[in-house]
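Descriptive analysis of the structure
Chain by chain, the residues:
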Amino acid sequence: LKSGSNVKNIIPKKTIKGKGNVIKIHPSVLLFNSSFDIVGNNNSIEIDESSYFNNVTFFFFFYNKKIIIDKRVQFKKGGIIWIEDEDCEAWIGEDCTFEETHIAVTEPNSKIHIGKDCMFSLDIDLRTGDSHSILNAQTNERINYAQNITIGDHVWVGAHVSILKGVHIAQNSVIATRAVVTKSFLEPNVLIGGMPSKTIKENINWDRRRILKQYN
């Protein structure tokens, strides 16, 4: 176990069972009420400089899993990053912000990649798999294997959104509140919404600033 000089910011409850598990945290990172629960071998967490985590839990189960968190990532109100099975990965790009998000990478070789400067609201769920099997009743073959999720740069995800397995969202897009995203949207600069989701508007972009209406 290797970590930066900020270990004092991690709450005492840490469960680490296994061999070859590595936690690398830049000394500038702040973690409040956050914890690590690692069971398995050869798992790694890398958190880059100036990131901030409040009430975030990291769960690792089984082997060869990786979490990479780039510079200046913020989890402001809470979240869970859950990775299970073998050879899974979660990667979060620099300058992303999260109010409260559940990121679940389940089943072998699946990944969630989130680009730079994304903004996530609260009560958001991303998951690569269903964790249990749905079978073809005639052949008894499984029909719901996990698939990767990719979120492009500068994507805004509204509150209470679910993003499910196999989804790719292109850059500069917005996902509206309470959307359930079950398919990919490969065209950039679109507004996505609905259950299941569809393209609502094209040729849009967004800004973190609240730009006020100009009155004459």
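Rules used throughout
- Residues numbered from 1 in each chain as written.
- Predicted model: local features only at pLDDT ≥ 70, side-chain atom pairs only at ≥ 80, totals over all residues.
- Heavy atoms only, no water.
- Phe/Tyr/Trp six-rings, centres within 6.5 Å; stacked < 30°, edge-to-face > 60°.
- Buried < 20%, exposed > 50% of the residue type's maximum accessible area, 1.4 Å probe, protein only.
- Salt bridge = Lys/Arg side-chain N within 4 Å of Asp/Glu carboxyl O.
- Helix = DSSP H or I, 4+ residues; strand = E, 2+ residues; numbered from the N terminus.
- Core = buried A, V, L, I, M, F, W, Y, C linked by side-chain atoms within 4.5 Å.
- Contact = heavy atoms within 4.5 Å.
- Disulfide = S-S within 2.5 Å.
- Pairing = 2+ DSSP bridges.
- pLDDT = per-residue confidence, 0-100.

In this section: the packing of aromatic side chains. Evaluated as defined, the whole model comprises 11 aromatic pairs. Consider the rings of Phe62 and Tyr63, whose centres lie 6.2 Å apart with planes at 50°: the pair is tilted. Using a relative accessible area of 39% as the deciding quantity, one classes Phe62 as partly exposed. What makes Tyr63 partly exposed here is its relative accessible area of 36%.

Now for the pattern of salt bridges. As enumerated under the stated definition, the model contains 10 salt bridges in all. A salt bridge links Glu107 to Arg142; the shortest N-O distance between them is 2.6 Å. Linking Glu107 in the loop between β11 (97-105) and β12 (111-114) with Arg142 in the loop between β14 (124-127) and β15 (149-151), this pair joins segments that are 35 residues apart in sequence. When salt bridges with common partners are traced through the structure, they connect Arg72, Glu94 and Asp95 into a single cluster.

The next point concerns the nonpolar core. A general feature of soluble globular proteins is that nonpolar side chains tend to end up buried together. Counting residues in hydrophobic clusters, the biggest one holds 45 residues, and the most contacted among them are Phe58, Ile92, Ile114, Leu126 and Ile163. In this view, Leu126 contacts Thr101, His102, Ile103, Ala104, Ile112, Ile114, Phe120, Ile149, Ile151 and Ile163; residues no more than four positions away in its chain are not counted.

Keep in mind that most residues, glycine aside, have a negative phi and that most peptide bonds are trans. Here the residue pair Met195 and Pro196 is connected by a cis peptide bond, since its omega of 0° sits within 30 degrees of zero. Assignment of secondary structure puts Pro196 in the loop between β21 (190-193) and β22 (198-202). Residue Asp87 is not a glycine yet carries a positive backbone phi of 60°. Structurally, the position occupied by Asp87 is in the loop between β9 (74-84) and β10 (89-92).

Relative to the elements of secondary structure, Thr101 occurs in strand β11. With 83 residues separating them in the primary sequence, Thr101 and Ser184 have C-alpha atoms 20 Å apart. Once residues within four sequence positions are removed from consideration, Thr101 is found in contact with Phe75, Gly78, Gly79, Ile80, Phe120, Ser121, Ile124 and Leu126.

Turning our eyes to something else, we now look at the state of the cysteines. Summed over the entire model, instances satisfying the criterion amount to 0 disulfides. For the unlinked cysteine Cys96, the closest cysteine sulfur is that of Cys118, found at 4.3 Å. On the basis of relative accessibility, which here comes to 0%, the residue Cys96 falls in the buried class.

It is worth spelling out the sheet that holds strand β18 (residues 168-169) at this point. Judged by pairing direction, the sheet is parallel, and its 7 strands sit side by side in the order β2-β5-β8-β10-β12-β15-β18 without closing on themselves. In this open sheet, the two strands that pair with only one neighbour each are β2 (22-25) and β18. Of the pairings in the sheet, the one linking β15 to β18 comprises 2 bridges and is parallel in character. Along β18, the bridge assignment pairs Thr150 with His168.

In this section: the confidence of the model for the protein. Here the protein shows a mean pLDDT of 91. Residues at 70 or above account for 94%. Long-range and interchain partners of residues 1-8, a stretch whose pLDDT sits below 50, account for 15 contacts in this model, where long-range means more than four residues apart.

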